[in-house]
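Residue strings, one per chain:
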Amino acid sequence: MEYILNSLDGGILKIELNRPQKRNALTLAMYKEFAELLNTAQTKPEIRVVLVFAAGDNYSAGNDLQDFLDHPPGSGDSPQKQLIDALRVFDKPLVGAVRGAAVGSGATMLTYFDFVVAGQSARFQYPFINLALVPEFGTSFSLPDQVGYPLHCQFEADTSDPLAISIVPGR
């Protein structure tokens, strides 16, 4: 089964996280493929916008913990860093469509999108503080940069009751 689907339709590259049985938890292979799709889209003039969405009831549960344990980080570029780097430099419109939970790295990636459209069921959770961890990949900067400092404080302070936001403004 392919865990990342993509199609080009009228200048829109559609990227679908397709692992609903695992709440679209991201494996290292999925991070790498997602990064490669964005890097390719960056170079193709026929791709004018990228739309990212997910199969099933949740956007993404973040890292697949078993895959993460089976392939611990080593030296050099990790697949997660490759994705964040691709997101950081991507200069075409990047739109996310979220329903259900976006947790951890699934929520972190959204802070690099230009627009995030969230359904009524959308929930964003950044569990790092409750786990006594430093937020990943610049979330301490990118989240308040995207949603504003007061809303960022609510995200960080109350991760047990994630906020549902209809539209999150982009960069």
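The structure displayed is predicted, hence computed values, not measured ones.

How each quantity is defined
Residues numbered from 1 in each chain as written. Predicted model: local features only at pLDDT ≥ 70, side-chain atom pairs only at ≥ 80, totals over all residues. Heavy atoms only, no water. Pairing = 2+ DSSP bridges. Helix = DSSP H or I, 4+ residues; strand = E, 2+ residues; numbered from the N terminus. Buried < 20%, exposed > 50% of the residue type's maximum accessible area, 1.4 Å probe, protein only. Core = buried A, V, L, I, M, F, W, Y, C linked by side-chain atoms within 4.5 Å. Polar contact = N/O pair within 3.5 Å; in protein donor to acceptor, adjacent residues only side chain to side chain. Salt bridge = Lys/Arg side-chain N within 4 Å of Asp/Glu carboxyl O. Contact = heavy atoms within 4.5 Å. pLDDT = per-residue confidence, 0-100.

This paragraph deals with the pairing of strand β3 (residues 49–54). Here six bridges tie strand β2 (residues 12–17) to β3, and the two strands are oriented parallel to one another. Residue pairing across strands places Ile-15 opposite Val-52, the latter belonging to β3. Where β3 meets strand β4 (residues 94–98), three bridges bridge the pair, whose relative direction is parallel. Looking at the pairing, Val-52 lines up with Gly-96 of β4.

With that settled, the discussion passes to the pairing of strand β6 (residues 115–118). On a regular strand, one side chain projects to one face of the sheet and the next to the other, so that they alternate. Here β6 shows one buried face, formed by Val-116 and Ala-118, and one open face, formed by Phe-115 and Val-117. With four bridges connecting them, β4 and β6 associate as parallel partners. The partner of Ala-97 across the bridge, within β6, is Val-117.

This paragraph deals with the nonpolar core. Among the nonpolar cores identified, the biggest contains 35 residues, and Phe-34, Leu-38, Val-50, Tyr-59 and Phe-113 are the most heavily contacted of them. Within the residue set of this core, elements represented by two or more residues are β2, α1 (28–43), β3, α3 (79–89), β4 and β6. No other element matches α1, which puts seven residues into this core.

Bringing the side chain of Ser-78 into the picture now. Mapped onto the fold, Ser-78 is located in the loop between α2 (65–70) and α3. A polar atom in the side chain of Ser-78 sits 3.0 Å from the backbone nitrogen of Lys-81.

Another point: the pattern of salt bridges. Tallying each qualifying case throughout the model produces five salt bridges. Where Lys-81 meets Asp-85, a salt bridge forms, and the shortest distance between an N and an O atom there is 2.6 Å. Residue Lys-81 and its partner Asp-85 are located together in helix α3, separated by four residues, close to a single helical turn. In this structure, a network of salt bridges that share partners links the residues Asp-77, Lys-81, Asp-85 and Arg-88.

Tracing the chain through its elements places Leu-28 in helix α1. Given a relative accessible area of 17%, Leu-28 falls into the buried group. For the pair Leu-28 and Gln-80, spaced 52 residues apart in the sequence, the C-alpha separation amounts to 7.1 Å. If we ignore the near neighbours within four places in the chain, the residues touching Leu-28 are Asp-67, His-71, Pro-79 and Gln-80.

Within the chain, residue pLDDT values average 81, and 74% of them lie at 70 or more. Low pLDDT, under 50, characterises residues 152–171; the predicted model gives this stretch 51 contacts beyond four residues in sequence or across chains.

Of note, Arg-23 is a non-glycine position whose phi angle comes to about 55°, a positive value. Structurally, Arg-23 can be placed in the loop between β2 and α1. What makes Arg-23 exposed here is its relative accessible area of 54%. Positive phi, normally seen in glycine, also occurs at Asn-24, with a value near 55°. Within the secondary structure layout, Asn-24 lies in the loop between β2 and α1.

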